[in-house]
Amino acid sequence: EDRPTVVLGASTNPERYAYRAIHRLTAHGHSVHPVGVKKGEVSGVTIQREMPASGIHTVTLYLGPVLQKEWHERILALKPERIIFNPGTEDPAFQQRAEKMGIEVVEGCTLVMLALVSIDRAVGEVFCEGEGMPRKDQVLYHLLVVSMDR
């Protein structure tokens, strides 16, 4: 399912998490609208300097609270269904404003969320079909426990 997503703080630097998020979001089939200070291109998508006018499901933040302040009103005007506050972007006052408007607020990592979706799909397709097979949640729990032991 396509969930048009704004990546705020987009960068052409492959070392930046915003760059990686743009790549992974496009690989997952999402319409990506990268917004950043410098124009450029990532995964065939041009980085814009302004927000799109409408039609956005998710805004994922890669700007710290100080730099994102100037974007708050534009983000809220989009009326996204969800705002993802990636590590280091949390802003309790802004989060509270968004929640009061009925916007889902997620403190998490977009890259981890996308990885979990990939694992979830793979587990469902590979391990959990047919009678006598473990439930998908059991397989996911096992994978999580095994990865934490390493």
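Whatever comes next refers back to the structure up there.
Fair warning: this is a prediction, and the values are worked out from it, not measured in the lab. (Residues numbered from 1 in each chain as written. Predicted model: local features only at pLDDT ≥ 70, side-chain atom pairs only at ≥ 80, totals over all residues. Heavy atoms only, no water.)

Even after reading the chapter, I still don't get the overall build of the protein, so can you show me in this structure?
Along its length, the protein carries six helices and seven strands. Taken from N to C terminus, the helices and strands of the protein fall in the order β-α-β-β-β-β-α-α-β-α-β-α-α. Across the 150 residues of the protein, 38% fall into the buried class. When contacts within the protein are restricted to residue pairs at least 6 apart in sequence, long-range pairs at least 24 apart make up 49% of them. Element-wise, carbon and sulfur atoms account for 54% of the exposed surface of the protein, whose accessible area totals about 9100 Å². (Helix = DSSP H or I, 4+ residues; strand = E, 2+ residues; numbered from the N terminus. Buried < 20%, exposed > 50% of the residue type's maximum accessible area, 1.4 Å probe, protein only. Contact = heavy atoms within 4.5 Å. Areas by Shrake-Rupley, 256 points an atom, 1.4 Å probe, with all protein chains shown as cover.)

Mind showing me how you'd approach helix 1 (residues 17-27) here?
Because an α-helix completes one turn every 3.6 residues, residues spaced three or four positions apart along the sequence face the same direction. Taken residue by residue, helix 1 has Ala-18, Tyr-19, Ala-21, Ile-22 and Leu-25 as its buried positions. Down the axis, helix 1 shows its buried residues gathered within 160 degrees of arc, on one side only. Exposed residues on helix 1 whose side chains face more than 90 degrees from its buried face are Tyr-17 and Ala-27. Immediately beyond the C-terminal end of helix 1, within one or two residues, lies Gly-29, with a positive phi of roughly 85 degrees. (Arc of directions from axis to C-beta.)

Whenever I open this one, the nonpolar core confuses me. Can you help?
Counting 18 residues, the largest nonpolar core has Val-6, Leu-8, Met-51, Ile-75 and Ile-83 as its most contacted members. Of all the secondary-structure elements, those providing two or more residues to this core are strand 1 (5-8), strand 5 (58-61), helix 3 (72-78), strand 6 (82-85) and helix 4 (92-100). With three residues, the top contributor of residues to this core is helix 3. Excluding its chain neighbours within four sequence positions, the residues that come into contact with Leu-8 are Val-35, Met-51, Thr-60, Leu-61, Tyr-62, Leu-63, Trp-71 and Ile-75. (Core = buried A, V, L, I, M, F, W, Y, C linked by side-chain atoms within 4.5 Å.)

For this particular structure, what's the right way to read the packing of aromatic side chains?
Aromatic ring pairs: the centre-centre distance and the angle between the two ring planes describe each pair. In this structure the tally under the stated criterion is one aromatic pair. With centroids separated by 6.0 Å and ring planes inclined at 70 degrees, the aromatic side chains of Phe-85 and Phe-94 adopt a geometry described as edge-to-face. The exposure class assigned to Phe-94 is buried, which follows from its relative accessible area of 2%. The side chain of Arg-74 reaches across the aromatic face of Trp-71, ending 4.1 Å from its centre. (Phe/Tyr/Trp six-rings, centres within 6.5 Å; stacked < 30°, edge-to-face > 60°. Lys NZ or Arg CZ within 6 Å of the ring centre and 35° of its normal.)

How should the pairing of strand 6 be read in this particular structure?
Remark: a regular strand shows side chains that alternate across the two faces of the sheet. Of the two faces of strand 6, the one carrying Arg-82 and Ile-84 and the one carrying Ile-83 and Phe-85 are both buried. Relative to strand 6, strand 5 runs parallel, the two being bridged by four bridges. Note on strand 6: the bridge partner recorded for Val-59 is Ile-83. With four bridges connecting them, strand 6 and strand 7 (residues 104-107) associate as parallel partners. When the sheet's bridge partners are listed, Arg-82 is paired in strand 7 with Glu-104. One crossover worth recording links strand 6 to the parallel strand 7 by way of helix 4, and it is right-handed. (Pairing = 2+ DSSP bridges. Right-handed = clockwise from strand over helix to strand, strands pointing away.)

Help me understand helix 4, please; the structure alone is not making it clear to me.
Burial in helix 4 covers these residues: Phe-94, Gln-95 and Ala-98. For helix 4, the buried positions fall inside an angular range of 100 degrees around the axis, keeping them on one side. Facing away from the buried surface of helix 4 by more than 90 degrees, the exposed residues are Pro-92, Ala-93 and Lys-100. On its buried face, helix 4 sits against helix 2 (65-68), helix 3, strand 6 and strand 7. Taken from the residues just after helix 4, Gly-102 is the one with a positive phi, measuring 85 degrees.

How should the sheet that holds strand 5 be read in this particular structure?
The strands that make up a sheet are held in pairs by hydrogen bonds between backbone atoms, and each pair lies either parallel or antiparallel. Pairing in this open sheet of five strands is parallel, and the strands run 2-1-5-6-7 from one edge to the other. Edge strands, defined here as strands with exactly one partner in the open sheet, are strand 2 (32-35) and strand 7. Each adjacent strand pair in this sheet contributes to an overall mean axis angle of 15 degrees, direction not counted. Sheet topology places strand 1 next to strand 2; four bridges connect them, and they run parallel. If you follow Val-6 over to strand 2, its bridge partner there is His-33. (Axes fitted to C-alpha atoms, helices over the stretch in contact; angles between N-to-C directions.)

Everything listed is a geometric property; what it means functionally is a separate question.
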